[in-house]
Amino acid sequence: MLAGIACQGAPDLHYAVEGYNRRDKVVLMQSDIVAQGLELMVYGMGSVVVFLALLVVCMTVMSTTVTRFFPEPQAVRQTSRKPTPAAQDEELVAVISAAVHQHRRR
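Residues numbered from 1 in each chain as written. Predicted model: local features only at pLDDT ≥ 70, side-chain atom pairs only at ≥ 80, totals over all residues. Heavy atoms only, no water.

Draft legend 1. Seen up close, the overall build of the protein. Scanning the protein for helices and strands turns up 3 helices and 0 strands. Going from the N terminus to the C terminus, the protein shows its helices and strands as α-α-α. Out of the 106 residues in the protein, the part that is buried amounts to 1%. Accessible surface, the protein as shown: approximately 10400 Å² in total, 65% of it carbon and sulfur. (Helix = DSSP H or I, 4+ residues; strand = E, 2+ residues; numbered from the N terminus. Buried < 20%, exposed > 50% of the residue type's maximum accessible area, 1.4 Å probe, protein only. Areas by Shrake-Rupley, 256 points an atom, 1.4 Å probe, with all protein chains shown as cover.)

Draft legend 2. Quick look at the confidence of the model for the protein. Model confidence for the protein is summarised by a mean pLDDT of 79, while 66% of its residues fall at 70 or above. Across the protein, the secondary-structure element scoring lowest on mean pLDDT is helix α1 (residues 13-18), at 50, and the one scoring highest is helix α2 (residues 22-69), at 90. Note on residues 1-7: pLDDT under 50 across the span, and 7 contacts to partners over four residues away in sequence or across chains. (pLDDT = per-residue confidence, 0-100. Contact = heavy atoms within 4.5 Å.)

Draft legend 3. Quick look at a nonpolar patch on the surface. There is a patch of nonpolar side chains on the surface, built from V48, F51, L52, L55, M59 and M62 and spanning about 590 Å² of accessible area. Considering the arrangement of structural elements, one finds F51 in helix α2. (Patch = residues over 30% accessible without salt bridge, like charges linked within 9 Å, V, L, I, M, F, W, Y side chains within 5 Å. Salt bridge = Lys/Arg side-chain N within 4 Å of Asp/Glu carboxyl O.)

The structure is reproduced here in structure tokens:
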């Protein structure tokens, strides 16, 4: 009962009555603050994880919905009428050899 009474002359009186000293009170307050900080951290990180999981689910649902109703058009393959690689190789070899011969003459 004396713990609740504020004494102007002896500020340490209520600590002595309760069985605590100032050091114990400070340690209890610090551990309480640390516990509150850890609790706040867990709530904050938990809410971020829940938000990110919800975001992933929403993005997956939107992606499947869009690809279902708006599929990408298939690319039309065009046949090319380019010369065969063997003919290109022969022509390329002839051009390169002519350039080398012209370079060596100079």
